[in-house]
Amino acid sequence: MKINERYEIKLVVGELTSSGIIGDIYDNFKDFKDEHPNSPYDFGYIVFDNYKNSVAEWCNDWNDSPEEALSDYCRDF
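Residues numbered from 1 in each chain as written. Predicted model: local features only at pLDDT ≥ 70, side-chain atom pairs only at ≥ 80, totals over all residues. Heavy atoms only, no water.

**Notes on helix α2 (residues 66–74)**
Within α2 the residues assigned to the buried category are A69, D72 and Y73. Seen along its axis, α2 keeps its buried residues to an arc of 100°; they face one direction. Packing partners of the buried residues in α2 comprise β1 (7–16) and β3 (41–49). (Buried < 20%, exposed > 50% of the residue type's maximum accessible area, 1.4 Å probe, protein only. Helix = DSSP H or I, 4+ residues; strand = E, 2+ residues; numbered from the N terminus. Arc of directions from axis to C-beta. Contact = heavy atoms within 4.5 Å.)

**Topic: the pairing of β1**
The element β1 is extensively covered by neighbouring structure, given that 7 of its 10 residues are classed as buried. In terms of strand pairing, β1 meets strand β2 (residues 22–26) through 3 bridges, oriented antiparallel. Among the inter-strand pairings, V13 is bridged to a residue of β2, identified as Y26. Hairpin connection of β1 to β2: 5 residues between the antiparallel strands, including G20 at a positive phi of 85°. (Pairing = 2+ DSSP bridges.)

**Observations concerning the sheet that holds β3**
Taking strand neighbours across the sheet as the criterion, the 4 strands line up as β2-β1-β3-β4 in an open arrangement whose pairing is antiparallel. The sheet is open, and its two borders are formed by β2 and β4 (54–55), each paired with just one other strand. Of the pairings in the sheet, the one linking β3 to β4 comprises 2 bridges and is antiparallel in character. Its bridge partner lying in β4, F48 is registered against V55.

Take a look at the structure:
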């Protein structure tokens, strides 16, 4: 979902570690399965900076919902 020309909310997949927290995070499910073929996973959301090709500097690396990601983005504006 595009927020504006620079930022968008993207779906990501994260490895669920044995302690139940999110480990490695991927923006491509195939890459995740190649690296962790038998690992459990969960889906999350990030605010992606298309100019820097990375997560927006002030935003979390993981959000549980698109609404949480948008709130994360809007918090500093």
